[in-house]
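Breakdown of the fold
Chain residues, written in single-letter form:
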Amino acid sequence: MPDDIRDLLTISLQDIYSAETQLLQALPEMQDSASSKTLKQAFGDHFRMTERQVERLDEVCKLLEIEPEGETCEAMQGLVEEGEELADELDEGPVLDAALIGAAQKVEHYEIASYGTLISLLKAMGEDKAVGLLAETLKEEKETDALLTKIAEGEVNPAAIAESDSDDEDED
Ligand SMILES: [Fe+2]
């Protein structure tokens, strides 16, 4: 494998490894802040899913003889920070839930982009086993994103709008 491609692969894997481990730190707090039972459950499920995704990354790094730790994903730091700032500004309830879903979907899209790029690179290298492992994770990230949209549209957004409407009436 050419050195610069190996460098790119190393940096990309270490970046997403850092992103996933940061998310493991953030998800319990997001779960605590959520009011909707469905959303709490989704964050809890995604926490356990993320643990398995980190294990898969360990496995991929082992296959490719790459050290998984070494980078800090600044993008994930920023996404988590923005989510926390929003959470600080909003009271618990459906509007905060809508904000939490937005923050989580930005995270999922970052991960979808990262895994998609990695998979394409690994495909070109003929690293089929690593591709298979990361494709499983990519599928989970897409499913999580779709689930969050479903919770937003089916439950949280209508509740957030209803709450805001009743707040307006209270003010009259
Ligand atoms: Fe993930």
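Report follows, based on the coordinates. In this text, all values refer to a predicted model and were calculated from it rather than measured experimentally.

Thresholds applied
Residues numbered from 1 in each chain as written. Predicted model: local features only at pLDDT ≥ 70, side-chain atom pairs only at ≥ 80, totals over all residues. Heavy atoms only, no water. 1 Å grid on protein atoms, 1.4 Å probe; cavity = no way out; pocket = protein on both sides within 12 Å on 5 of 7 lines; lining within 4 Å. Points joined across faces, edges and corners; volume = space filled by probe spheres on them. Helix = DSSP H or I, 4+ residues; strand = E, 2+ residues; numbered from the N terminus. Nonpolar A, V, L, I, M, F, W, Y, C, P; charged D, E, K, R; others polar. Donors = N, O, S within 2.8 Å, 3.2 Å for Na, K, Ca; no water. Buried < 20%, exposed > 50% of the residue type's maximum accessible area, 1.4 Å probe, protein only. Expected span 1.5 Å × (residues − 1). Patch = residues over 30% accessible without salt bridge, like charges linked within 9 Å, V, L, I, M, F, W, Y side chains within 5 Å. Areas by Shrake-Rupley, 256 points an atom, 1.4 Å probe, with all protein chains shown as cover. Salt bridge = Lys/Arg side-chain N within 4 Å of Asp/Glu carboxyl O. Lys, Arg positive; Asp, Glu negative; His and termini not counted. Charge placed at Lys NZ, Arg CZ, Asp CG, Glu CD.

Overview of empty space enclosed by the protein
- Counted by the stated rule, this structure contains 1 cavity of 30 Å³ or more.
- When its volume is computed, the largest cavity comes out at roughly 70 Å³.
- Around the largest cavity sit Leu 23, Leu 27, Met 30, Ala 42, Phe 43, His 46, Ala 104, Val 107, Glu 108, Thr 144, Leu 147 and Leu 148, which together line it.
- If you list the elements that add at least two residues to the lining of the largest cavity, you get helix H1 (3–33), helix H2 (37–64), helix H4 (94–125) and helix H5 (128–171).
- Across the lining of the largest cavity, the residue classes break down as 9 nonpolar, 2 polar and 1 charged.

Focus: the coordination of the iron ion
- On the protein side, the iron ion has Glu 20 (OE), Glu 20 (OE), Gln 53 (OE1), Glu 111 (OE) and Glu 141 (OE) as donor atoms, found 2.0 to 2.8 Å from it.
- Positions of the donor residues of the iron ion along the chain correspond to the pattern E-x32-Q-x57-E-x29-E. Placement of the pair is Glu 20 in helix H1 and Gln 53 in helix H2, with a sequence separation of 33 residues. For the pair Glu 20 and Gln 53, a shared accessibility class is recorded, and that class is buried.

Things to note about H4
- The end-to-end C-alpha separation of H4 is 46 Å, in line with the 46 Å expected for 32 residues at 1.5 Å each.
- Downstream of H4 by one or two residues, Gly 126 has phi in the positive range, about 75°.

As for a negative patch on the surface
- A contiguous patch of negative charge, built from Glu 29, Asp 32, Glu 81, Glu 82, Glu 84, Glu 85, Asp 88, Glu 89, Asp 91 and Glu 92, is present on the exposed surface.
- If you list the elements that add at least two residues to the negative patch, you get H1 and helix H3 (74–89).
- If you tally residues by element for the negative patch, the top one is H3, at 6 residues.
- Relative to the helices and strands, Asp 32 is located in helix H1.

Overview of the pattern of salt bridges
- Per the counting criterion, the structure on display carries 4 salt bridges.
- Note that Glu 136 and Arg 56 form a salt bridge whose closest N and O atoms lie 3.4 Å from each other. One end of the pair, Glu 136, is in helix H5; the other, Arg 56, is in helix H2, with 80 residues separating them in the sequence.
- For Glu 136, a relative accessible area of 44% translates into the label partly exposed.
- In this structure Arg 56 comes out as buried when scored by relative accessible area, which is 9%.
- For the salt bridge of Glu 140 with Arg 56, the shortest nitrogen-to-oxygen distance reads 3.0 Å. Separated by 84 residues along the polypeptide, Glu 140 in helix H5 and Arg 56 in helix H2 bring together distant segments of the chain.
- Residue class for Glu 140 comes out buried when judged on its relative accessible area of 12%.

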